[in-house]
Amino acid sequence: MVLIGVGRTADVYVLDERWVLRRYRDGAVGDAETERTLMTYLRGHGYPVPLVRPAQEGTSRTDLVLERLDGPTMAGALAAGLVTPRQAGAMLALLLTGLHAVPARRADGPGRSILHLDLHPENIILTSGGPRVIDWANASEGPPGLDWAMSAVILAEVATGTTRTARPARELLSALLGDPAAVHLTPEALTEALRRRAEDPMTTERETAALGRAGDAVRELVEPRPV
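Peer 1: What is the right way to read the overall build of the chain from this model?
Peer 2: The helix and strand tally for the chain stands at 8 helices and 8 strands. For 227 residues, the compact-globule estimate of 2.2 N^0.38 gives 17 Å, and the chain sits close to it at 17 Å. Looking at the chain residue by residue over its 227 residues, the buried ones come to 42%. In the structure as shown, the chain presents an accessible area of about 11600 Å², 53% of it carried by carbon and sulfur atoms.

The structure is reproduced here in C-alpha coordinates:
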(Lines give C-alpha, C1' and ligand atoms only; values in the text may rest on other atoms or scores of the structure.)
Protein backbone atom coordinates (compact mmCIF):
# COMPACT_ATOMS: atom_id res chain seq x y z
CA MET A 1 0.00 0.00 0.00
CA VAL A 2 1.11 3.54 -0.74
CA LEU A 3 0.31 6.33 1.70
CA ILE A 4 -1.29 9.28 -0.14
CA GLY A 5 -3.02 11.26 2.59
CA VAL A 6 -2.66 12.05 6.30
CA GLY A 7 -5.51 13.52 8.31
CA ARG A 8 -5.92 14.36 11.97
CA THR A 9 -7.19 10.91 12.90
CA ALA A 10 -6.76 8.70 9.83
CA ASP A 11 -4.42 7.90 6.93
CA VAL A 12 -5.33 7.08 3.33
CA TYR A 13 -3.55 4.42 1.26
CA VAL A 14 -3.87 3.40 -2.39
CA LEU A 15 -4.95 -0.22 -2.78
CA ASP A 16 -5.18 -0.28 -6.58
CA GLU A 17 -6.44 1.86 -9.48
CA ARG A 18 -10.01 1.77 -8.20
CA TRP A 19 -9.87 1.68 -4.41
CA VAL A 20 -8.25 3.46 -1.45
CA LEU A 21 -8.15 2.47 2.21
CA ARG A 22 -8.95 4.99 4.92
CA ARG A 23 -7.56 3.70 8.22
CA TYR A 24 -7.92 5.26 11.66
CA ARG A 25 -4.60 5.51 13.46
CA ASP A 26 -3.98 3.81 16.80
CA GLY A 27 -5.76 5.63 19.59
CA ALA A 28 -8.03 7.61 17.26
CA VAL A 29 -11.75 7.59 17.94
CA GLY A 30 -13.54 6.33 14.86
CA ASP A 31 -15.93 3.70 13.62
CA ALA A 32 -15.50 2.81 9.96
CA GLU A 33 -18.52 0.50 9.98
CA THR A 34 -20.82 3.32 11.11
CA GLU A 35 -19.42 5.55 8.35
CA ARG A 36 -19.84 2.77 5.78
CA THR A 37 -23.49 2.32 6.70
CA LEU A 38 -24.22 6.04 6.58
CA MET A 39 -22.41 6.62 3.28
CA THR A 40 -24.21 3.69 1.69
CA TYR A 41 -27.52 5.15 2.85
CA LEU A 42 -26.67 8.62 1.54
CA ARG A 43 -25.51 7.29 -1.81
CA GLY A 44 -28.77 5.36 -2.10
CA HIS A 45 -30.60 8.69 -1.77
CA GLY A 46 -28.50 10.31 -4.47
CA TYR A 47 -26.19 12.32 -2.23
CA PRO A 48 -22.65 12.70 -3.68
CA VAL A 49 -20.44 10.51 -1.52
CA PRO A 50 -17.78 8.05 -2.70
CA LEU A 51 -18.75 4.48 -3.39
CA VAL A 52 -17.95 2.33 -0.35
CA ARG A 53 -16.92 -1.29 -0.67
CA PRO A 54 -18.88 -3.74 1.52
CA ALA A 55 -17.04 -4.94 4.59
CA GLN A 56 -15.26 -8.26 4.25
CA GLU A 57 -15.37 -10.91 6.96
CA GLY A 58 -12.92 -10.01 9.69
CA THR A 59 -12.61 -6.37 8.54
CA SER A 60 -11.40 -4.06 11.29
CA ARG A 61 -13.67 -1.22 12.43
CA THR A 62 -10.73 1.09 11.78
CA ASP A 63 -10.71 0.38 8.01
CA LEU A 64 -12.94 1.85 5.30
CA VAL A 65 -12.39 1.00 1.61
CA LEU A 66 -13.60 3.73 -0.77
CA GLU A 67 -13.52 4.36 -4.48
CA ARG A 68 -10.46 6.28 -5.59
CA LEU A 69 -11.55 9.77 -6.63
CA ASP A 70 -9.98 11.93 -9.31
CA GLY A 71 -9.60 15.67 -8.85
CA PRO A 72 -8.40 18.03 -6.09
CA THR A 73 -10.03 18.98 -2.83
CA MET A 74 -12.04 22.18 -2.96
CA ALA A 75 -9.25 23.79 -0.94
CA GLY A 76 -6.71 22.70 -3.54
CA ALA A 77 -8.90 23.94 -6.38
CA LEU A 78 -9.21 27.34 -4.67
CA ALA A 79 -5.45 27.59 -4.23
CA ALA A 80 -4.92 26.70 -7.91
CA GLY A 81 -7.52 29.18 -9.11
CA LEU A 82 -9.74 26.45 -10.57
CA VAL A 83 -12.77 27.80 -8.70
CA THR A 84 -13.49 31.19 -7.15
CA PRO A 85 -14.35 31.62 -3.47
CA ARG A 86 -17.89 32.63 -4.43
CA GLN A 87 -18.31 29.52 -6.57
CA ALA A 88 -16.99 27.40 -3.72
CA GLY A 89 -19.34 29.08 -1.22
CA ALA A 90 -22.34 28.46 -3.46
CA MET A 91 -21.32 24.82 -3.92
CA LEU A 92 -20.88 24.32 -0.18
CA ALA A 93 -24.35 25.79 0.40
CA LEU A 94 -25.85 23.38 -2.14
CA LEU A 95 -24.13 20.43 -0.49
CA LEU A 96 -25.45 21.38 2.94
CA THR A 97 -28.97 21.96 1.59
CA GLY A 98 -28.91 18.66 -0.31
CA LEU A 99 -27.72 16.73 2.72
CA HIS A 100 -30.46 18.13 4.93
CA ALA A 101 -33.07 17.10 2.34
CA VAL A 102 -32.14 13.43 2.80
CA PRO A 103 -34.54 11.74 5.25
CA ALA A 104 -33.01 11.24 8.68
CA ARG A 105 -32.30 7.63 9.56
CA ARG A 106 -32.97 7.72 13.32
CA ALA A 107 -34.16 11.11 14.53
CA ASP A 108 -37.85 11.55 15.25
CA GLY A 109 -39.88 14.70 14.74
CA PRO A 110 -39.73 17.57 12.26
CA GLY A 111 -36.64 19.69 11.73
CA ARG A 112 -34.18 16.84 12.20
CA SER A 113 -31.66 15.97 9.49
CA ILE A 114 -28.46 14.07 8.85
CA LEU A 115 -25.55 16.40 9.70
CA HIS A 116 -21.96 16.17 8.48
CA LEU A 117 -20.62 18.54 11.17
CA ASP A 118 -17.23 18.96 9.46
CA LEU A 119 -18.14 20.10 5.96
CA HIS A 120 -15.45 22.46 4.67
CA PRO A 121 -13.22 22.72 1.56
CA GLU A 122 -10.77 20.01 2.67
CA ASN A 123 -13.61 17.49 2.85
CA ILE A 124 -14.99 18.10 -0.64
CA ILE A 125 -13.32 16.47 -3.65
CA LEU A 126 -14.03 18.11 -7.02
CA THR A 127 -14.10 15.12 -9.35
CA SER A 128 -14.76 15.05 -13.07
CA GLY A 129 -18.25 13.85 -12.19
CA GLY A 130 -18.96 16.62 -9.69
CA PRO A 131 -18.23 17.20 -6.00
CA ARG A 132 -17.96 14.32 -3.55
CA VAL A 133 -18.19 14.74 0.22
CA ILE A 134 -15.76 12.74 2.35
CA ASP A 135 -14.87 12.23 6.03
CA TRP A 136 -18.13 11.39 7.80
CA ALA A 137 -16.53 10.59 11.17
CA ASN A 138 -18.37 13.40 12.98
CA ALA A 139 -21.76 12.84 11.35
CA SER A 140 -24.88 12.85 13.49
CA GLU A 141 -28.53 13.85 13.30
CA GLY A 142 -30.10 17.07 14.51
CA PRO A 143 -31.21 20.54 13.42
CA PRO A 144 -29.71 21.73 10.08
CA GLY A 145 -28.66 25.03 11.64
CA LEU A 146 -25.94 23.26 13.60
CA ASP A 147 -24.37 21.98 10.38
CA TRP A 148 -24.45 25.45 8.85
CA ALA A 149 -22.92 26.87 12.03
CA MET A 150 -20.12 24.29 12.17
CA SER A 151 -19.12 24.96 8.56
CA ALA A 152 -19.31 28.72 9.10
CA VAL A 153 -17.17 28.63 12.25
CA ILE A 154 -14.48 26.48 10.61
CA LEU A 155 -14.31 28.88 7.66
CA ALA A 156 -14.36 31.91 9.96
CA GLU A 157 -11.36 30.61 11.90
CA VAL A 158 -9.38 30.85 8.65
CA ALA A 159 -11.09 34.06 7.48
CA THR A 160 -10.09 35.96 10.62
CA GLY A 161 -6.48 34.79 10.51
CA THR A 162 -3.42 36.33 8.92
CA THR A 163 -2.46 33.67 6.36
CA ARG A 164 -2.79 34.13 2.59
CA THR A 165 -5.94 31.98 2.68
CA ALA A 166 -7.79 34.47 4.94
CA ARG A 167 -9.14 36.67 2.14
CA PRO A 168 -10.57 33.86 -0.02
CA ALA A 169 -11.98 32.27 3.13
CA ARG A 170 -13.80 35.53 3.92
CA GLU A 171 -15.26 35.63 0.41
CA LEU A 172 -16.27 31.98 0.62
CA LEU A 173 -17.89 32.49 4.03
CA SER A 174 -19.81 35.51 2.77
CA ALA A 175 -21.09 33.54 -0.23
CA LEU A 176 -22.07 30.61 1.97
CA LEU A 177 -24.01 32.72 4.46
CA GLY A 178 -25.60 34.74 1.67
CA ASP A 179 -27.52 31.65 0.60
CA PRO A 180 -31.22 31.74 1.60
CA ALA A 181 -30.93 28.39 3.38
CA ALA A 182 -28.40 29.90 5.78
CA VAL A 183 -31.40 31.29 7.65
CA HIS A 184 -31.21 28.01 9.59
CA LEU A 185 -28.08 29.34 11.32
CA THR A 186 -29.61 30.69 14.53
CA PRO A 187 -27.75 32.28 17.46
CA GLU A 188 -28.36 29.09 19.41
CA ALA A 189 -26.84 26.97 16.64
CA LEU A 190 -23.78 29.22 16.54
CA THR A 191 -23.31 29.00 20.31
CA GLU A 192 -23.48 25.21 20.14
CA ALA A 193 -21.02 25.06 17.23
CA LEU A 194 -18.52 27.22 19.09
CA ARG A 195 -18.86 25.03 22.17
CA ARG A 196 -18.27 21.87 20.17
CA ARG A 197 -15.21 23.29 18.43
CA ALA A 198 -13.76 24.39 21.77
CA GLU A 199 -14.26 20.94 23.30
CA ASP A 200 -13.10 18.93 20.28
CA PRO A 201 -9.74 17.31 21.18
CA MET A 202 -8.75 17.49 17.50
CA THR A 203 -9.04 21.30 17.49
CA THR A 204 -5.57 22.88 17.69
CA GLU A 205 -4.60 25.58 20.18
CA ARG A 206 -4.45 28.12 17.36
CA GLU A 207 -7.96 27.19 16.21
CA THR A 208 -9.30 27.38 19.75
CA ALA A 209 -7.75 30.81 20.22
CA ALA A 210 -9.47 31.98 17.02
CA LEU A 211 -12.96 30.95 18.10
CA GLY A 212 -13.90 34.32 19.61
CA ARG A 213 -13.01 36.17 16.41
CA ALA A 214 -14.65 33.48 14.34
CA GLY A 215 -17.92 33.75 16.24
CA ASP A 216 -17.95 37.53 15.84
CA ALA A 217 -17.31 37.22 12.09
CA VAL A 218 -20.22 34.83 11.65
CA ARG A 219 -22.55 37.02 13.70
CA GLU A 220 -21.72 40.04 11.56
CA LEU A 221 -22.89 38.14 8.49
CA VAL A 222 -26.04 36.54 9.87
CA GLU A 223 -27.51 38.85 12.51
CA PRO A 224 -28.75 41.59 10.14
CA ARG A 225 -30.87 38.99 8.38
CA PRO A 226 -34.31 38.32 9.93
CA VAL A 227 -34.69 34.76 11.19
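Once you've had a look at it, read on.
Peer 1: When you look at the packing of aromatic side chains in this model, what are you seeing that I'm missing?
Peer 2: Any pair of aromatic rings gets described here by the distance separating the centres and the angle formed by the planes. By the definition in use, this model includes 1 aromatic pair. For the pair Y47 and W136, a centre-to-centre distance of 6.0 Å together with 80 degrees between the ring planes defines the contact as edge-to-face. A residue pair is termed long-range when its members are at least 10 positions apart, and Y47 in the loop between α1 (32-44) and β4 (63-67) and W136 in the loop between β7 (130-133) and β8 (140-142) qualify at 89 residues. Of the residues examined, Y47 reaches a relative accessible area of 5% and is grouped as buried. The ring of Y24 has R22 sitting right over it, with the charged end atom 5.0 Å from the ring centre.

Peer 1: Before we go on, may I ask you to explain the nonpolar core in this structure?
Peer 2: In terms of nonpolar packing, the biggest core is built from 52 residues, with L42, Y47, W136, L177 and L185 touching the most fellow members. Looking at this core, the element that brings in the most residues is helix α4 (residues 144-159), giving 8 residues.

Peer 1: Just to check I follow, could you spell out the pairing of strand β1 (residues 2-6) for this structure?
Peer 2: Along any regular strand, the residues point their side chains to alternate faces of the sheet. β1 sits mainly on the outside: 0 of its 5 residues count as buried. Counting the residues in the hairpin turn of β1 and strand β2 (residues 10-14) gives 3 residues.

Peer 1: Please clarify how the packing of helix α6 (residues 187-199) against helix α8 (residues 211-222) should be interpreted in this entry.
Peer 2: To describe two helices that pack against each other, one gives the angle between their axes and the distance between the axes. Between α6 and α8, the shortest axis-to-axis distance is 11 Å and the interhelical angle comes to 160 degrees. It follows that α6 is roughly antiparallel to α8 by the angle criterion. As for the relative orientation of α6 and α8, their crossing is right-handed in sense. The segment α6 lies against α8, with L190, L194, R197 and A198 engaging L211, G215, V218 and R219. Of the residues in the contact of α6 with α8, the class split is 5 nonpolar, 1 polar and 2 charged.

Peer 1: Is there a simple way to think about the pattern of salt bridges in this case?
Peer 2: Pairing is possible between side chains of opposite charge, provided their charged atoms come close. By the definition in use, this model includes 12 salt bridges. Where E67 meets R43, a salt bridge forms, and the shortest distance between an N and an O atom there is 3.6 Å. Residue E67 is located in strand β4, and its partner R43 is located in helix α1; the two are separated by 24 residues in the primary sequence. For R43, a relative accessible area of 37% translates into the label partly exposed. As a salt-bridge pair, D216 and R219 come within 3.2 Å of each other at their nearest N and O atoms. Remark: R219 and D216 occur in helix α8; sequence separation between them is 3 residues, near one turn of the helix. Overlapping salt bridges bring together E192, R195, R196 and E199 as one network.

Peer 1: Whenever I open this one, unusual backbone geometry confuses me. Can you help?
Peer 2: Peptide bonds are mostly trans, and most non-glycine residues show a negative phi. Despite not being glycine, L117 has its phi angle at roughly 70 degrees, a positive value. One non-glycine residue, D135, lies in the positive phi region at around 60 degrees. Locating D135 in the fold gives a position in the loop between β7 and β8.

Peer 1: Help me understand the pairing of β7, please; the structure alone is not making it clear to me.
Peer 2: Strand direction decides the pairing type here: strand β6 (residues 124-127) and β7, joined by 4 bridges, are antiparallel. By the bridge assignment for β7, T127 is matched with G130. Linkage of β6 to β7, two consecutive antiparallel strands, is achieved through a turn of 2 residues.

Peer 1: In this structure, what is going on with α1? I would like to understand it.
Peer 2: Side chains three or four residues apart in an α-helix point the same way, a direct result of the helix having 3.6 residues per turn. Compared with an ideal rise of 1.5 Å per residue, which puts 13 residues at 18 Å, α1 spans 18 Å between its outermost C-alpha atoms and is within 8% of the ideal. Where α1 is concerned, the buried positions are A32, E35, R36, L38, M39 and L42. Tucked inside the fold, the buried residues of α1 contact β3 (19-24), β4, α3 (85-101) and β5 (113-115). Where α1 begins, one side-chain oxygen reaches toward the backbone nitrogen of E33, 3.1 Å away; that side chain belongs to D31. One or two residues past the end of α1 sits G46, with phi positive at roughly 85 degrees.

Cut-offs applied
- Residues numbered from 1 in each chain as written.
- Predicted model: local features only at pLDDT ≥ 70, side-chain atom pairs only at ≥ 80, totals over all residues.
- Heavy atoms only, no water.
- Helix = DSSP H or I, 4+ residues; strand = E, 2+ residues; numbered from the N terminus.
- Rg over C-alpha atoms; globule rule 2.2 N^0.38 Å.
- Buried < 20%, exposed > 50% of the residue type's maximum accessible area, 1.4 Å probe, protein only.
- Areas by Shrake-Rupley, 256 points an atom, 1.4 Å probe, with all protein chains shown as cover.
- Phe/Tyr/Trp six-rings, centres within 6.5 Å; stacked < 30°, edge-to-face > 60°.
- Lys NZ or Arg CZ within 6 Å of the ring centre and 35° of its normal.
- Core = buried A, V, L, I, M, F, W, Y, C linked by side-chain atoms within 4.5 Å.
- Pairing = 2+ DSSP bridges.
- Axes fitted to C-alpha atoms, helices over the stretch in contact; angles between N-to-C directions.
- Parallel < 35°, antiparallel > 145°, perpendicular 65-115°, else oblique.
- Left-handed = near helix turned anticlockwise from the far one by under 90°.
- Contact = heavy atoms within 4.5 Å.
- Nonpolar A, V, L, I, M, F, W, Y, C, P; charged D, E, K, R; others polar.
- Salt bridge = Lys/Arg side-chain N within 4 Å of Asp/Glu carboxyl O.
- Expected span 1.5 Å × (residues − 1).
- Polar contact = N/O pair within 3.5 Å; in protein donor to acceptor, adjacent residues only side chain to side chain.

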